[in-house]
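What follows is the residue order along each chain.
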Amino acid sequence: MMDANERAVAIEVRDVRKRWGDFEALKGVSFKVYEREMVALLGPSGSGKSTLMRCINHLETINEGRIYVCGELVGYEERNGLLYELGDRAVSEQRTKVGMAFQSFNLFRHLTAIENVTLALRCVRGLDRAGADAVARTQLAWVGMEDKADAYPAQLSGGQQQRVAIARAMAMQPEVLLLDEPTSALDPELSREVVATIRRLSLEGQTMVIATHDLSLVRDYADRVLFMVAGQIVEDAPAEKFFNNPENERTVQFLRSMAGE
Amino acid sequence: MSSAPEEPAAPETFRVVRRRQWGAWVVGAVTLALLLLLARAGVEARIVNPETFRHYLFDLEILIGVKNAFLIGTLSLFIATAVGIVVALFRLSRNPILVAVSAGYVCLFRGVPMLIQILFWFNALPMMFQTIRIAIPFTGITLVNALMVDVVTPFRAALLGISLAEAAYLSEIVRGAVASFDRGQILAAQALGMRGHQVVTRVVMPQVSRAILPSISNEYINLMKSTSLAMTIGYLEVLRVVTNIYYTTLEVVELLCVAAFWYLVLGAFATLLQTILERLYPNR
């Protein structure tokens with residue numbers, strides 16, 4: 001799907017609203033992510049970053065709006081002017097296009113590193129054991145974890161777990177990769193090895209959305225920054241402009257408070 | 001200071017002496033004395049004649065009773081697990097009818113004494129349904145066509161009563177384990193494009209079944225012992241056989257000891273099984 005700027009759009013979020021009872025977590029969010037772009041999602045805790053990420057692969061339902069990934073409406077189908085939620089099969093199919101890594105890694109605790117990677121390859125992609133193992137080894141080697149292939153998550157450090165989690169997501173060859181605060185649970189040293197992996201992903205042109213509090217990561221690698229406050233995007237700017245010449249007063253305050261720390 | 005450079009003082013080492021717990025030793029000594037008194041009273045009164053005990057230990061009737069207890073204890077564990085999982089899934093569903101049915105089931109079957117439940121099924125089923133007929137629809141083939149009195153044997157009534165009561169406990173164990181399962185792993189599996197049933201069978205079930213293994217073993221031991229309740233409806237398990245014998249011979253204590261011995265053996269078997277399974281599937 002091309003937009004007016006003649007650039008291929010990977011993700012389009014249009015007027016998305018999400019409510020839990022009286023609480024509105026997303027208050028009409030709209031933005032686009034172009035192919036091969038790395039977009040950073042910044043904002044204070046509770047501003048809706050995680051919720052927004054989960055809506056993109058329909059781990060969370062939405063109340064209004066539309067989300068497209070590679071031109072396909074996510075999670076719903078349109079009939080008679082209403083959006084009907086898709087069934088398990090169709091939603092699962094769509095999710096294979098979107099990889100995801102989480103703040104708490106969420107590795108399958110009963111499986112080794114390599115089994116974590118091969119599980120979906122086998123039961124979603126239908127690869128046989130040998131085929132899945134080959135893909136998984138390549139992927140683990142790519143994140144520098146091939147020598148820990150047979151270790152269980154409990155035997156790995158946080159940084160190692162996150163790298164396995166990224167390998168698990170990338171093995172499915174997703175069109176876009178969502179990283180939900182991938183380094184927030186890690187100390188600076190462990191977070192460095194994950195940042196190195198993210199850097200390699202961005203060099204390879206992987207389309208990515210990353211929610212983070214790590215400003216240096218954003219400054220060094222992000223192409224564009226979305227700044228969220230209380231369920232709304234208040235600033236959508238190229239990274240360079242975001243840091244040097246922000247427009248919104250909230251962004252200025254945020255950057256000042258982060259610099260003060 | 002102007003004096004000559006001091007010799008560096010050798011580091012003093014102290015031996016650490018732990019506090020003595022005199023109170024615990026006193027309580028220990030008193031407890032031991034009381035136990036010895038109790039044992040002496042038993043021995044002096046000759047409550048167990050070793051000859052009689054040994055005579056009945058491998059008595060054929062009693063061994064059949066052991067087999068029957070083992071049979072019902074084990075079969076009911078499987079039935080109760082199956083029913084318990086269904087009840088737990090009802091409870092975890094978002095449907096108000098299923099949730100209410102499940103809550104009602106647990107309240108009723110956990111609240112009524114198991115003994116009453118066994119007596120109830122044995123007596124009530126033949127009254128509720130005079131005959132039972134199970135047929136394959138549209139074929140005219142009848143699988144079962146019998147009087148309910150003949151169908152509800154002591155074995156079946158005991159199996160039904162114990163299984164249904166136990167299912168209430170097991171459903172709570174399963175529900176607790178599933179409810180406390182790491183939701184992040186479910187999200188991760190879904191994000192990989194795994195279907196609902198794949199998430200359950202490949203991610204949730206393997207970990208939940210490992211988590212409930214100790215609780216299930218506990219229930220298994222309980223079930224082995226609960227089979228003794230089936231004596232009330234005339235099922236020939238250990239306790240029933242033993243009572244039948246001592247009604248005529250009056251060797252009450254010896255025979256109770258024989259029964260207790262075999263329940264201990266059954267419990268030890270369950271514990272052994274648990275240990276083996278825990279070794280086979282270590283906690284990750």
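Above this note sits the structure.
Predicted model, so just to flag it, every value in this text is computed and none were measured.

Trainee: Please give an account of the packing of aromatic side chains that cites residues and values.
Mentor: All names here are of chain B. Within this structure, the stated rule accounts for 10 aromatic pairs over all chains. Ring geometry for Y105 against F109: centres 4.3 Å apart, planes inclined by 15°, an arrangement best described as stacked. Of the two residues, Y105 and F109 both sit in helix α4 (residues 96-111), four residues apart, roughly one turn of that helix. Here Y105 and F109 have matching classes, each one buried. Taking the centre distance of 5.8 Å and the plane angle of 85° together, the rings of Y246 and Y247 count as edge-to-face.

Trainee: Could you give an account of the environment of L186 of chain A, naming the residues involved and the relevant values?
Mentor: All names here are of chain A. Here L186 shows up in the loop between β9 (176-180) and α6 (188-203). Relative accessible area serves as the criterion here: at 12%, L186 is assigned to the buried category. The spacing of L186 and L83 is 103 residues in sequence and 40 Å in space, taken between C-alpha atoms. With residues up to four places along the chain from it excluded, the contact list for L186 reads F105, G158, G159, S191 and V194.

Trainee: Tell me about the layout of surface pockets, residues and numbers included.
Mentor: Approximately 250 Å³ is the volume attributed to the second largest pocket. Looking at the second largest pocket, it is lined by 13 residues, and the ones nearest its centre are E115, T118, L119, R122 and R129 of chain A. Elements represented by at least two residues in the lining of the second largest pocket include exactly α3 (113-123) and α4 (129-142) of chain A together with α9 (196-211) of chain B. Residues that form the lining of the second largest pocket fall into these classes: five nonpolar, three polar and five charged.

Trainee: If you had to explain the pairing of strand β6 (residues 76-79) of chain A to someone new, which residues and values would you point to?
Mentor: Residues and elements named next belong to chain A. Alignment of β6 against strand β7 (residues 82-85), held across four bridges, turns out to be antiparallel. The partner of E77 across the bridge, within β7, is Y84. The antiparallel hairpin formed by β6 and β7 contains two residues in its connecting segment, where N80 sits at a positive phi of about 50°.

Trainee: Outline the sheet that holds strand β5 (residues 72-73) of chain A, supporting the account with residue identities and numerical values.
Mentor: All names here are of chain A. As summarised here, the arrangement of the four strands in space is β2-β1-β4-β5, forming an open sheet in which the pairing is antiparallel. Single-partner strands in this sheet number two, and they are β2 (23-34) and β5. Its contacts with the sheet place helix α1 (residues 49-56) against β1 (9-20), β2 and β4 (64-69), and it is angled at close to 60° to β2.

Trainee: Break down the pattern of salt bridges for me, citing the residues and quoting the values.
Mentor: Residues and elements named next belong to chain A. Considering all chains together, one arrives at 19 salt bridges over all chains under this definition. When the shortest N-O distance is used, the salt bridge between E78 and R66 registers 3.1 Å. Within this pair, whereas E78 is found in strand β6, its partner R66 is found in strand β4, the two being separated by 12 residues in sequence. Residues K97 and E72 are paired through a salt bridge, measuring 2.8 Å at the closest nitrogen-oxygen approach. Placement of K97 in the loop between α2 (88-95) and β8 (98-101) and of E72 in strand β5 is noted, with a sequence separation of 25 residues between them.

Trainee: Describe the environment of F108 of chain A, listing the residues and the values that go with them.
Mentor: Positionally, F108 of chain A belongs in the loop between β8 and α3. A relative accessible area of 0% means that F108 of chain A is categorised as buried. In the structure, F108 of chain A is positioned 18 residues away from A90 of chain A in sequence and 24 Å away in space, judged by C-alpha atoms. F108 of chain A has contacts with N116, L119, P153 and R168 of chain A together with Q185, A188, A189, L192 and V203 of chain B, leaving out every residue within four places of it along the chain.

Quick notes on the rules
- Residues numbered from 1 in each chain as written.
- Chains lettered and ligands numbered in written order.
- Predicted model: local features only at pLDDT ≥ 70, side-chain atom pairs only at ≥ 80, totals over all residues.
- Heavy atoms only, no water.
- Phe/Tyr/Trp six-rings, centres within 6.5 Å; stacked < 30°, edge-to-face > 60°.
- Helix = DSSP H or I, 4+ residues; strand = E, 2+ residues; numbered from the N terminus.
- Buried < 20%, exposed > 50% of the residue type's maximum accessible area, 1.4 Å probe, protein only.
- Contact = heavy atoms within 4.5 Å.
- 1 Å grid on protein atoms, 1.4 Å probe; cavity = no way out; pocket = protein on both sides within 12 Å on 5 of 7 lines; lining within 4 Å.
- Points joined across faces, edges and corners; volume = space filled by probe spheres on them.
- Nonpolar A, V, L, I, M, F, W, Y, C, P; charged D, E, K, R; others polar.
- Pairing = 2+ DSSP bridges.
- Axes fitted to C-alpha atoms, helices over the stretch in contact; angles between N-to-C directions.
- Salt bridge = Lys/Arg side-chain N within 4 Å of Asp/Glu carboxyl O.

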